[in-house]
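Given next are the chains, with one letter for each unit.
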Amino acid sequence: MISLNIEKTFGFIFKEKVSAYESEVKAAQRMLEDGTGKGNDFLGWLHLPSSIGKEHLADLKATAKVLRENCEVVVVAGIGGSYLGARAVIEALSNSFVWLQEKKENPVIIYAGHNISEDYLYELTEYLKDKKFGVINISKSGTTTETALAFRLLKKQCEDQRGKETAKKVIVAVTDAKKGAARVTADKEGYKTFVIPDNVGGRFSVLTPVGLLPIAVAGFDIEQLVAGAADMEKACGADVPFAENPAAVYAATRNELYKNGKKIEILVNFCPKLHYVSEWWKQLYGESEGKENKGIFPASVDFSTDLHSMGQWIQEGERSIFETVISVDKVNHKLAVPSDEANLDGLNFLAGKRVDEVNKMAELGTQLAHVDGGVPNMRIVLPELSEYNIGGLLYFFEKACGISGYLLGVNPFNQPGVEAYKKNMFALLNKPGYEEESKAIQARL
Ligand SMILES: O=P(O)(O)OC[C@H]1O[C@](O)(CO)[C@@H](O)[C@@H]1O
């Protein structure tokens, strides 16, 4: 199970002040449990892990098997919460060079529907030309332009290449039970479908079929992922005392830091496989808290890579940041630094040491340097990268986000701000129904 250490924030904020959040956090926990807070129609994620049944997992695994047996490549089409969770888990658990391996045990998973880049979509369709591919079309609303546009291309290509009958077998939709274009198409074409519950918002949906199906297709153990999340659900429960509850402590600490002028939280990893965990986390906290002109700005870096770029800013730039480091305790492989007779690079002092020992000293050295430079530091330790631990980590962040949003006083479960660009884009593209907006926007150009 993961652990959280906040000791290195105490040079910047007082321990007693963090502890003083206990009653406010309790109230936030109660609002979540009783459904009396803002956005209470989107609390389906709260006890989701412990409520996932065996039959549901079996259904997901059976569908994953069909895709695994019939596809060399599976395209996951979705944007935001409809792809980031799956990508976060798949990349955290996959070999870094899985794309390049000649003998593949699992279908290659690629992503689409998360941008509107013509080059990206052209290159994707070119790549798929000689591939036996399938598609998981994921959209809660079923109307998101980026995803719908990509799916339109992929559906046609899949049908043209593989025939309508096979396409029907290898296209799966994950969408609303009743509404939206994705539902209409799936029902009309007879695709296998999975439902995203009404009361689970996109960014909290990784443990619904939105995340579980692609993760199972990629060959990972969704039972373990859910088990890790369910154990974390208990560890972060409303009945767990404040000081022992990692979600409560994390939520309280980041809010106290925010009150003390630390407006930006940087999620840090020292393992590139966690890059997409950070992307998922940024959506979770950005969409949940960034409203009413408030909210910590969620940023991320991959170290030690970004120590050679953003490291300068973090060490000496404006002191408005704090770091939350995700540290992986035990790596999955062993590799020692070789000794070299000539020692031209002067690295023989490391000969025989594990590469991870060097990485861990980079991590410790960075923590001390950044704290010395005025950056408060929290540390989350993952025992190792496994389905169980990642499931726990994701739920921990979700629970802390719900609490933290209530501490901040916003509705953590809506995202009204994302509509603004869509409205303008539709007006600029003269979408039927947007005539007035089109006129108004043209006049501004
Ligand atoms: O699953 P959908 O409805 O396509 O939405 C995808 C994403 O778009 C947003 O609604 C923002 O536009 C996110 O909240 C969501 O995760």
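Residues numbered from 1 in each chain as written. Predicted model: local features only at pLDDT ≥ 70, side-chain atom pairs only at ≥ 80, totals over all residues. Heavy atoms only, no water.

1. A few points about the pattern of salt bridges
1) Next: Taken as a whole and judged by the stated rule, the model has 27 salt bridges.
2) Next: With its nearest N and O atoms 3.8 Å apart, the salt bridge here joins E22 to K26. In this pair, E22 and K26 both sit in helix α2 (residues 22-34), four residues apart, roughly one turn of the helix.
3) Next: Judged by relative accessible area, E22 falls into the partly exposed class, the value being 36%.
4) Next: The salt bridge involving K131 is made with D130; its shortest N-O contact spans 2.9 Å.
5) Next: Owing to a relative accessible area of 17%, K131 belongs among the buried residues under this scheme.
6) Next: Here D130 falls in the exposed class, since its relative accessible area comes to 61%.
7) Next: Salt bridges here are not isolated pairs; linked through shared partners, they connect K155, E159, K164, K188 and E189. (Salt bridge = Lys/Arg side-chain N within 4 Å of Asp/Glu carboxyl O. Helix = DSSP H or I, 4+ residues; strand = E, 2+ residues; numbered from the N terminus. Buried < 20%, exposed > 50% of the residue type's maximum accessible area, 1.4 Å probe, protein only.)

2. Examining the nonpolar core
1) Next: Membership of the largest hydrophobic core comes to 116 residues, with the highest contact counts inside it found for I390, F396 and F397.
2) Next: Ranked by residue count, the leading element in this core is helix α15 (residues 387-408), at 12 residues.
3) Next: Mapping this core onto the domain boundaries places at least three of its residues in each of domain 1 (3-39 + 226-408) and domain 2 (47-220).
4) Next: Leave out the neighbours within four places in its chain, and F397 touches Y250, L267, W280, W281, L284, Y285, I326 and I380.
5) Next: Core analysis: the second largest hydrophobic core is formed by 10 residues, I266, I314, I321 and V375 among them. (Core = buried A, V, L, I, M, F, W, Y, C linked by side-chain atoms within 4.5 Å. Domains from an automatic or database assignment. Contact = heavy atoms within 4.5 Å.)

3. So, the domain arrangement of the protein chain
1) Next: Under the domain assignment used here, the protein chain contains domain 1 (3-39 + 226-408) and domain 2 (47-220).
2) Next: Placing a centre on the C-alpha atoms of domain 1 and another on those of domain 2 gives a separation of 29 Å.
3) Next: Of the roughly 2,200 Å² buried where domain 1 meets domain 2, counting both sides, 64% is carbon and sulfur surface.
4) Next: If you sort the residues of domain 1 by the area they bury against domain 2, V226, K273 and Y276 come out on top, with a joint share of 30%.
5) Next: Here domain 1 is connected to domain 2 by one salt bridge.
6) Next: Put simply, E287 and R203 hold a salt bridge, and the shortest N to O gap is 2.9 Å.
7) Next: When contributions to the side of domain 1 that touches domain 2 are tallied by element, the ones reaching two or more residues are α10 (222-235), α12 (275-289) and α15.
8) Next: With eight residues, α12 is the largest single contributor of residues to the side of domain 1 that touches domain 2.
9) Next: Of the residues assigned to the side of domain 1 that touches domain 2, the class counts are 13 nonpolar, three polar and eight charged. (Buried area = accessible area lost by both parts, 1.4 Å probe. Nonpolar A, V, L, I, M, F, W, Y, C, P; charged D, E, K, R; others polar.)

4. Some details on a nonpolar patch on the surface
1) Next: Taken together, the side chains of F97, V98, W99 and L100 make up a nonpolar region of the molecular surface, amounting to roughly 460 Å² of accessible area.
2) Next: Judged by relative accessible area, which is 47%, W99 ranks as partly exposed. (Patch = residues over 30% accessible without salt bridge, like charges linked within 9 Å, V, L, I, M, F, W, Y side chains within 5 Å. Areas by Shrake-Rupley, 256 points an atom, 1.4 Å probe, with all protein chains shown as cover.)

5. A look at the site of the ligand
1) Next: Taken together, the neighbourhood of the ligand is formed by 14 residues, with S82, S139, K140, S141 and T144 sitting nearest.
2) Next: Within the backbone of K140, an N or O atom sits 2.6 Å from an oxygen atom of the ligand.
3) Next: Contact distances for the ligand include 3.0 Å between an oxygen atom and a side-chain N or O atom of Q283.
4) Next: Protein chains bury 87% of the 390 Å² of accessible surface belonging to the ligand in isolation.
5) Next: With respect to the detected pockets, the ligand is housed in the largest pocket.
6) Next: Looking at side-chain class alone, the shell around the ligand contains two nonpolar, nine polar and three charged residues. (Near = heavy atom within 4 Å. Polar contact = N/O pair within 3.5 Å; in protein donor to acceptor, adjacent residues only side chain to side chain. 1 Å grid on protein atoms, 1.4 Å probe; cavity = no way out; pocket = protein on both sides within 12 Å on 5 of 7 lines; lining within 4 Å. Sits in = over half its atoms within 2 Å of the grid points.)

6. Examining the state of the cysteines
1) Next: All told, the structure shown has zero disulfides when counted by the stated rule.
2) Next: Unpaired in this structure, C71 has its nearest cysteine sulfur neighbour in C158, at a distance of 7.3 Å.
3) Next: The thiol of C401 is unpaired, and the distance to the nearest cysteine sulfur, on C236, comes to 13 Å.
4) Next: The class for C401 is buried, based on a relative accessible area of 0%. (Disulfide = S-S within 2.5 Å.)

7. Quick word on the confidence of the model for the protein chain
A low pLDDT means the predicted coordinates there should not be read in detail.
1) Next: On average, residues of the protein chain score 97 in pLDDT, and 100% of them reach the 70 mark or higher.
2) Next: The ipTM value of the predicted complex is 0.98, and its pTM value is 0.98. (pLDDT = per-residue confidence, 0-100.)

8. Details of the packing of α2 against α15
1) Next: Two numbers describe how α2 lies on α15: the axes approach to 9 Å, and their chain directions differ by 115°. When the axes of α2 and α15 are compared, the pair comes out roughly perpendicular. The crossing of α2 and α15 is right-handed. Contacts from E24, V25, A28, Q29, M31, L32 and E33 in α2 reach K399, G402, I403, Y406 and L407 in α15.
2) Next: Within the contact of α2 with α15, the residues separate by chemical class into seven nonpolar, two polar and three charged. (Axes fitted to C-alpha atoms, helices over the stretch in contact; angles between N-to-C directions. Parallel < 35°, antiparallel > 145°, perpendicular 65-115°, else oblique. Left-handed = near helix turned anticlockwise from the far one by under 90°.)

9. Digging into the UniProt feature "active site" (unreviewed entry) in the protein chain
1) Next: Per the UniProt entry, the sites bearing "active site" (unreviewed entry) are E287 and K422 in this numbering. Lining the largest pocket, from the residues named above, are E287 and K422.
2) Next: Mapping E287 onto the fold places it in helix α12.
3) Next: E287 gets classed as partly exposed once you look at its relative accessible area, which sits at 21%.
4) Next: In this view, E287 contacts R203, K282, N414, Q415 and V418; residues no more than four positions away in its chain are not counted.
5) Next: Of the polar contacts made by the side chain of E287, one reaches the side chain of R203; its length is 2.9 Å.
6) Next: Mapped onto the elements of the fold, K422 is located in helix α16 (residues 419-428). (UniProt positions renumbered as here; feature names shortened; annotations may be inferred.)

10. Quick word on the packing of aromatic side chains
1) Next: Overall, the coordinates contain 17 aromatic pairs when judged by the stated rule.
2) Next: For the ring pair Y285 and F397, a centre distance of 6.3 Å and an interplane angle of 85° mean the geometry is edge-to-face. Separated by 112 residues along the polypeptide, Y285 in helix α12 and F397 in helix α15 bring together distant segments of the chain. Taken individually, Y285 and F397 each receive the classification buried, so the pair is uniform in this respect.
3) Next: Three or more aromatic residues joined by ring pairs make a cluster, and in this case those are Y250, W280, W281, Y285, F396 and F397.
4) Next: Cation over ring: K192 sits above F194, and NZ or CZ is 4.8 Å from the ring centre.
5) Next: Sitting above the plane of the Y258 ring, K263 keeps its charged end 4.7 Å from the centroid. (Phe/Tyr/Trp six-rings, centres within 6.5 Å; stacked < 30°, edge-to-face > 60°. Lys NZ or Arg CZ within 6 Å of the ring centre and 35° of its normal.)

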